[in-house]
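Examination of the molecular architecture
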Amino acid sequence: MSEFSTDEIMTIAASRELTGARSCFVGIGLPSIAANLARSLHAPGLVLVYESGTVGAKPTRLPLSIGDGELARTADVVVSVPEIFNYWLQPGRIEVGMLGAAQVDRFANLNTTVIGSYDHPKVRLPGAGGAPEIASACPRSIIVMRQSKRTFVDELDYVTTIGFGNGAGARSRLGMPGAGPRVLISDLGIFRPDPLTFEMTLTALHPGTSVDEVRDATGWTLAVSDDLVETPEPTDEELVFLRRLHGASSAAAKD
Amino acid sequence: MAEFLSLQSAIATHVHDGDVVALEGFTHLIPFAAGHEIIRQRRRDLTLVRLTPDLVCDQLIGAGCARKLVFSWGGNPGVGSLHRFRDAVEHEWPRPLELDEHTHAGLANRFVAGASNLPFAVVRAYAGTDAVAHSSTVATITCPFTGEILAAVAALRPDVTIIHAQQADRAGNVRLWGITGVQKESVLAASRSIVTVEEIVDAFHDDRNAVVLPSWTVTAIAHVPGGCYPSYAAGYSERDNDYYEAWDDLSRDRAVFEDWLEHQVYEQGAVR
């Protein structure tokens, strides 16, 4: 078995979650890498949808932005921004949403807006983009982000995107049609919502990590599943495809 | 009917201090040359509107042209932060920047409402988020038919919308294709519009699917080949990803940015 990095196991674990999926709404960065890897390996035929309006994009290299020319050239259809959100995302036509964030809380709510106060932020982040609609409308969503006490926090500095709100029943009270985050994948492990409380619960450890290590990197009192498992190590094939995607991407940047 | 003007005249005539100015183009067809001309003409107190205020808004904000930004995602796509935008929000440099932020769907639908001459549009995903408390252009409403609780977002009607397109014909009809973002809605929502184009053609020849803005919906057209660089115009140019990556360093430091502004914008002649 090859050596692999914590980012690689995180991306590979996220791509495995797309096994059998029909369509995925993709943000740029880690989600885009995982979705493109899934299309190569775990979900052939996966329809990639980007918020630039490219439906069914088939990039051969990782795009730098959600509007790269290759996404439009290889798409089944390119639609306007109002159309992608109103006709395609909002009715729940896109099965899975893939999201990243700067902060997540125990109910998988996300912050991509500010660190610190809104009016005088310590760090101003990009903001909402498509994330609130993706998390609201997709039948299910997957969150991928690196984990530390600064990112897995007890209380978000700003609630940009709703996961499970304040817990059981919140999504239906807030009128969110989709079922919400099915899984949160970090570079340390995998978390799934508790079926009753909807709190994100550690269900798998990546190879080489311990529960204590995850607990130390979590800003709330960590819930651990009774059926905790270890994430299967990356296969050689997964690593080869992932590294090929990265290689193609950095080569493309030098064009 | 659209009037053919130089970019310099188009900006001088149609963009005024204090205006609400939308610059649209979703990653593709971003009107950079027009943004630089606004900087050169030292417009002030603008309210800039743009779903993805990337480099072009970073430059306008750093140059001190903007009082307010209406937006939905303010980053350098695939690269990281917009440092001039962050400096304005975090340190009020070169001046304070008021924000009105939405989701992509919310802001896109504000343009749809503006183009439709309706007072607001209806979207779902704001419930439970902090966006409602921080924007005066979002409100909660109850559906009169189903009782469902929804978000209303106020119509947006810019004083002027600026876009870049691939082609205009000699009659002043405008045609753009590829990723077409929210350009049609933002032009139809605005009081005035300026379109810079790659090429002026005698007639539109092929019948591939495209957005066409008839001449009578456009105020001014300026022929500016390459006017969307470092973004791209499908069929004419490729996105310069290296430039986006280089901007990260170049824009991080105020002095380096001001030097860039001096040499790459102020000292450059206006486009014709």
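**Considering the overall build of chain B**
Helix and strand content of chain B: nine helices and 13 strands. A compact globule built from 272 residues should have a C-alpha radius of gyration of about 19 Å, and chain B, at 18 Å, falls within 12% of that. Along the first, second and third principal axes, the C-alpha atoms of chain B reach 55 × 45 × 30 Å. Here chain B holds 272 residues, and 54% of them are scored as buried. If you take every contact in chain B between residues at least 6 apart in sequence, the share linking residues at least 24 apart comes to 75%.

**Brief notes about the confidence of the model for chain A**
Of the residues in chain A, 96% reach a pLDDT of 70 or more, and the chain-wide mean stands at 93. Across residues 251–255 of chain A, confidence stays below pLDDT 50; counting only partners more than four residues off in sequence or on other chains, it has four contacts.

**Side note on the environment of A:Asp76**
Residue and element names in this part refer to chain A. With respect to the helices and strands, the residue Asp-76 is situated in the loop between helix 3 (69–74) and strand 4 (77–78). With 56 residues separating them in the primary sequence, Asp-76 and Gly-20 have C-alpha atoms 20 Å apart. Among all residues touching Asp-76, those that are not within four sequence positions of it are Val-55 and Gly-56.

**Examining the domain arrangement of chain B**
Frequently, the measure chosen for interface size is the accessible area removed from exposure when the parts meet. Residues and elements named next belong to chain B. For chain B, the assigned domains are domain 1 (3–102 + 157–266) and domain 2 (104–154). One C-alpha centre belongs to domain 1, the other to domain 2, and the line joining them spans 26 Å. Each partner contributes to the interface: domain 1 provides 12 residues, whereas domain 2 provides 13 residues. Mapped by element, the contributors of at least two residues to the side of domain 1 that touches domain 2 are strand 5 (98–101) and helix 7 (183–189). If one sorts the elements of the side of domain 1 that touches domain 2 by residue count, helix 7 sits on top with four residues. Among the residues making up the side of domain 1 that touches domain 2, the classes are represented as five nonpolar, three polar and four charged.

**Quick word on helix 2 (residues 30–40) of chain A**
Burial of helix 2 of chain A is extensive: 10 of the 11 residues sit out of reach of the surface. Here helix 2 of chain A has its buried residues at A:Leu30, A:Pro31, A:Ser32, A:Ile33, A:Ala34, A:Ala35, A:Asn36, A:Leu37, A:Ala38 and A:Arg39.

**Let's talk about the sheet that holds strand 8 (residues 149–154) of chain B**
Each strand in a sheet pairs with its neighbour through backbone hydrogen bonds, running either in the same direction (parallel) or in the opposite one (antiparallel). Residues and elements named next belong to chain B. What the three strands build is an open sheet, ordered 6-8-7; its pairing is antiparallel. With one partner strand each, in any of the chains shown, strand 6 (120–123) and strand 7 (138–142) form the two edges of the open sheet. Averaged over all pairs of adjacent strands, the angle between their axes in this sheet comes to 40°, without regard to strand direction. Pairing of strand 7 with strand 8 involves five bridges; the strand directions are antiparallel. Looking at the pairing, Thr-140 lines up with Ala-151 of strand 8.

**So, the packing of helix 3 (residues 55–62) of chain B against helix 4 (residues 83–91) of chain B**
All names here are of chain B. Where helix 3 meets helix 4, the closest approach of the two axes is 7 Å, and the angle between their N-to-C directions is 45°. By the angle class used here, helix 3 and helix 4 are oblique. Every pair of crossing elements has a handedness; the one defined by helix 3 and helix 4 is left-handed. Residues Cys-57, Asp-58, Gln-59, Ile-61 and Gly-62 of helix 3 pack against Arg-84, Phe-85 and Ala-88 of helix 4.

**Considerations on the pairing of strand 14 (residues 224–230) of chain A**
All names here are of chain A. Burial runs low along strand 14: only zero of the seven residues are buried. As defined by bridge partners, strand 13 (residues 200–205) adjoins strand 14 across three bridges and the pair is classed as parallel. Looking at the pairing, Ala-204 lines up with Val-229 of strand 14. For the crossover from strand 13 across helix 7 (residues 211–216) to strand 14, the handedness is right-handed.

What counts and what doesn't
- Throughout this document, residue positions are counted from 1 along each chain, in the order its sequence is written.
- Both sets of labels track the order of writing: A upward for chains, 1 upward for ligands.
- The predicted nature of this model means local features are confined to residues of pLDDT at least 70 and side-chain atom pairs, given and counted, to a pLDDT of 80 or more, with totals for whole chains, interfaces and linings taken over all residues.
- Only runs of H or I of at least four residues qualify as helices and only runs of E of at least two qualify as strands under DSSP, and these elements are numbered from the N terminus.
- Atoms counted for the radius of gyration: C-alpha only. Globule rule: 2.2 Å times the number of residues to the power 0.38.
- Here the C-beta atoms are placed from the backbone, and a residue counts as buried if at least 20 other C-beta atoms lie within 10 Å of its own, exposed if 12 or fewer do, and partly exposed otherwise.
- We call two residues in contact whenever the C-beta atoms placed from their backbones are within 7 Å.
- Confidence of the predictor at the level of single residues is given by pLDDT, which spans 0 to 100.
- The split of the chain into domains comes from an automatic or database domain assignment.
- As a working rule, the residues Ala, Val, Leu, Ile, Met, Phe, Trp, Tyr, Cys and Pro are called nonpolar, Asp, Glu, Lys and Arg charged, and the rest polar, with Gly in that last group.
- At least two bridges found by DSSP between two strands are what make those strands a pair.
- Helix axes are fitted to C-alpha atoms over the stretch in contact, other axes to C-alpha atoms as well, and angles between N-to-C directions run from 0 to 180 degrees.
- To sort the angles, those under 35 degrees are grouped as roughly parallel, those over 145 as roughly antiparallel, those from 65 to 115 as roughly perpendicular, and the leftovers as oblique.
- A crossing counts as left-handed when the near helix is turned anticlockwise from the far one by less than a right angle, and as right-handed when that turn is clockwise.
- With its strands directed away from the observer, a crossover is right-handed exactly when the path from the first strand over the helix to the second travels clockwise.

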